[in-house]
Structure formats: C-alpha cells, structure tokens
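# Observations on chain architecture
Given next are the chains, with one letter for each unit.
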Amino acid sequence: MNRFLAPFMKQLTEKNLGNAVGLMSKDERAEFNRLFALADERVRPFTANTF
C-alpha cells in the first residue's frame, strides 16, 4: 500500500489519504480499493473476536 501511495503523497503538501485519492485516476482508484479491501480482510475469518 505504501509503495502504491508514494507517488501521490509526493505531490501533496498536506499529506492525507483523502487528498491522495483525489489525485487518482479511475483505474488507480480501483486498484487502491482492491488493495484496501485486501488489507481490511481478517487474517482468520473463522475465529471469533476474542480478547
């Protein structure tokens, strides 16, 4: 994710995710959403959240 976002963050003075997404093309945004979904997946979806 960091490597994907790096070129966008270099262009920004105020570095936040919302500003980076604003610079993305439609295809880049689709790739970002795909990567974000992968990062958001549970590692073990078969286990309950126990703490």
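The structure we're discussing is the one just above.
Cut-offs applied
Here the residue index of a chain counts from 1 through its sequence in written order. Given that the model is predicted, a residue must reach a pLDDT of at least 70 before its local features are reported, and side-chain atom pairs must reach 80 or more before they are shown or counted; all residues, however, enter totals for whole chains, interfaces and linings. Working from all heavy atoms in the structure, the side-chain values ignore hydrogens and water. Secondary structure elements follow DSSP: runs of H or I of four or more residues count as helices, runs of E of two or more count as strands, with numbering from the N terminus. Partly exposed residues are those whose accessible area sits between 20% and 50% of the maximum for their type, while under 20% is buried and over 50% is exposed, using a 1.4 Å probe and protein chains only. Throughout, the Shrake-Rupley method with a 1.4 Å probe supplies accessible areas, and for residues the shown protein chains are the sole cover considered. Between N-to-C directions, angles span 0 to 180 degrees; the directions come from axes that are lines fitted to C-alpha atoms, helices contributing only their stretch in contact. The scheme is simple: roughly parallel for angles under 35 degrees, roughly antiparallel for over 145, roughly perpendicular for 65 to 115, oblique for anything else. Put simply, a crossing is left-handed when the front helix is turned counterclockwise from the back one by less than a right angle, and right-handed when it is turned clockwise. In this analysis, two residues are considered to be in contact whenever any of their non-hydrogen atoms come within 4.5 Å of each other. Polarity classes work like this: nonpolar for Ala, Val, Leu, Ile, Met, Phe, Trp, Tyr, Cys and Pro, charged for Asp, Glu, Lys and Arg, and polar for all others, with Gly in that last group. Pairs were defined over the aromatic rings of Phe, Tyr and Trp, the Trp ring being its six-membered one, requiring ring centres within 6.5 Å. Orientation was assigned from the angle between planes: stacked under 30 degrees, edge-to-face over 60, tilted for the rest.

## Considering the overall build of the protein
From N to C terminus, the protein includes three helices and zero strands. Beginning at the N terminus, the succession of helices and strands in the protein can be written as α-α-α. Evaluated residue by residue, the protein yields a buried proportion of 14% over its 51 residues. Working note: accessible area of the protein is about 4,500 Å², and carbon and sulfur atoms make up 54% of it.

## Points about the packing of helix 1 (residues 2–10) against helix 3 (residues 26–40)
Contact pair helix 1 / helix 3: the axes reach a minimum separation of 11 Å and the direction vectors enclose 135°. Taken as axis vectors, helix 1 and helix 3 run oblique relative to one another. As helix 1 packs across helix 3, the resulting crossing turns out to be left-handed. The residues of helix 3 that touch helix 1, namely those facing Phe4, Leu5 and Phe8, are Glu28, Glu31, Phe32 and Leu35. For the contact of helix 1 with helix 3, the per-class residue count stands at five nonpolar, no polar and two charged.

## With respect to the environment of Asn19
Positionally, Asn19 belongs in helix 2 (residues 17–23). Owing to a relative accessible area of 32%, Asn19 belongs among the partly exposed residues under this scheme. Separated by ten residues in sequence, Asn19 and Met9 have C-alpha atoms that sit 8.4 Å apart. Beyond its immediate chain neighbours, meaning those up to four positions away, Asn19 contacts Leu12 and Glu14.

## Considerations on the packing of aromatic side chains
A full pass over the atoms with the stated rule returns two aromatic pairs. Each ring, one from Phe4 and one from Phe8, has its centre 5.8 Å from the other, and the planes form 55°; the classification is tilted. Remark: Phe8 and Phe4 occur in helix 1; sequence separation between them is four residues, near one turn of the helix. On the numbers, 6.0 Å between centres and 25° between planes, the contact of Phe32 with Phe36 is stacked. On the criterion of helical spacing, the pair formed by Phe32 and Phe36 is a turn pair, its members being four residues apart in helix 3. Given the relative accessible area of 7%, Phe32 is considered buried.

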